[in-house]
Amino acid sequence: MAASLDGFIARKDGSVDWLETADEFARGDTMDPEFVEAFLSTIDCYVMGSRTYETALGFEAKGLGWSYGDKPTFVLTSRELPRTRDTVEFYSGDLARLVNERLRPMFRSIWFVGGGVVSAECLRLRLADEIRYSIVPILIGDGIRFFEKLDGDVALHLSEVKAYKSGMVELCYEARK
Ligand SMILES: NC(=O)c1ccc[n+]([C@@H]2O[C@H](COP(=O)([O-])OP(=O)(O)OC[C@H]3O[C@@H](n4cnc5c(N)ncnc54)[C@H](OP(=O)(O)O)[C@@H]3O)[C@@H](O)[C@H]2O)c1
């Protein structure tokens, strides 16, 4: 996910208006759309929390499109939510069972979209192999954390760092098992 320097992925009300900033870092890389497309094509399925799904539905309703293409998208929820496409499937219950018993045998690259509750659940259950954390050049003071209520240490190995012209720094970590 993308977070402010103080570790928030959204404001308390869920808004992400601060993600686009006016910063420029002259020595940074340019985000090449072809590279982004090639990277997205390596993702086999998405998993997201219901609040992230509701944000995605809100973007779609505003005409901003659906970011997950035609890839299978598993939405974690205990509620009845609107389903706008066949690729979306709802799941409620044990996340480790969903990932280990259902998704891993079918999909190689499973992308957890977020948000903070789900990313913490994923780390707590030791399901993550890799964490992609992009720091946006802004402080927002308060909001929803990248990892909501982690209950212990998680040792990481820094595997990649990239800085972009937009001032965003992309960090990639391997989670040590
Ligand atoms: N900056 C970024 O890159 C980025 C990326 C992703 C999201 N976001 C933002 O993050 C915010 C949402 O994050 P969040 O932490 O509030 O919520 P979230 O992680 O998206 O969703 C949490 C909800 O998912 C459901 N859930 C989680 N695990 C479940 C399970 N095992 N079984 C059934 N349901 C389960 C529960 O809701 P129910 O009540 O439905 O059961 C839970 O309250 C949004 O504002 C979104 O825009 C930002």
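Colleague: Can you help me understand the overall build of the chain in this one?
Modeller: Within the chain, the regular secondary structure consists of four helices and 10 strands. Each helix (α) and strand (β) of the chain, taken in turn from the N terminus, gives the series β-β-α-β-α-β-β-α-β-α-β-β-β-β. For 177 residues, the compact-globule formula gives about 16 Å, and the C-alpha radius of gyration of the chain, at 16 Å, lands near that figure. Once the C-alpha set of the chain is aligned to its principal axes, its extents read approximately 45 × 40 × 35 Å. Counting over 177 residues, the chain shows a buried share of 36%. If you take every contact in the chain between residues at least 6 apart in sequence, the share linking residues at least 24 apart comes to 70%. Summed over its atoms, the accessible surface of the chain is roughly 10600 Å², and 52% of this surface lies on carbon and sulfur atoms. Side-chain charges of the chain comprise 22 positive and 29 negative groups, with the mean position of each set lying 4 Å from the other.

Colleague: How should the site of the ligand be read in this particular structure?
Modeller: Lining the immediate surroundings of the ligand are 25 residues, of which Ala 2, Thr 52, Thr 77, Ser 78 and Gly 93 lie closest. One nitrogen or oxygen atom from the main chain of Leu 76 is found 3.4 Å from an oxygen atom belonging to the ligand. Residue Arg 79 places a side-chain N or O atom 2.8 Å away from an oxygen atom belonging to the ligand. Burial of the ligand by the protein chains amounts to 86% of its free accessible area of 940 Å². Looking at the shell around the ligand, the elements that each hand over two or more residues are strand E2 (8-10), helix H2 (50-61), strand E6 (110-114) and helix H4 (116-124). Class assignment of the residues belonging to the shell around the ligand gives a composition of 10 nonpolar, 12 polar and three charged.

About the cut-offs
- Residues numbered from 1 in each chain as written.
- Predicted model: local features only at pLDDT ≥ 70, side-chain atom pairs only at ≥ 80, totals over all residues.
- Heavy atoms only, no water.
- Helix = DSSP H or I, 4+ residues; strand = E, 2+ residues; numbered from the N terminus.
- Rg over C-alpha atoms; globule rule 2.2 N^0.38 Å.
- Buried < 20%, exposed > 50% of the residue type's maximum accessible area, 1.4 Å probe, protein only.
- Contact = heavy atoms within 4.5 Å.
- Areas by Shrake-Rupley, 256 points an atom, 1.4 Å probe, with all protein chains shown as cover.
- Lys, Arg positive; Asp, Glu negative; His and termini not counted.
- Charge placed at Lys NZ, Arg CZ, Asp CG, Glu CD.
- Near = heavy atom within 4 Å.
- Polar contact = N/O pair within 3.5 Å; in protein donor to acceptor, adjacent residues only side chain to side chain.
- Nonpolar A, V, L, I, M, F, W, Y, C, P; charged D, E, K, R; others polar.

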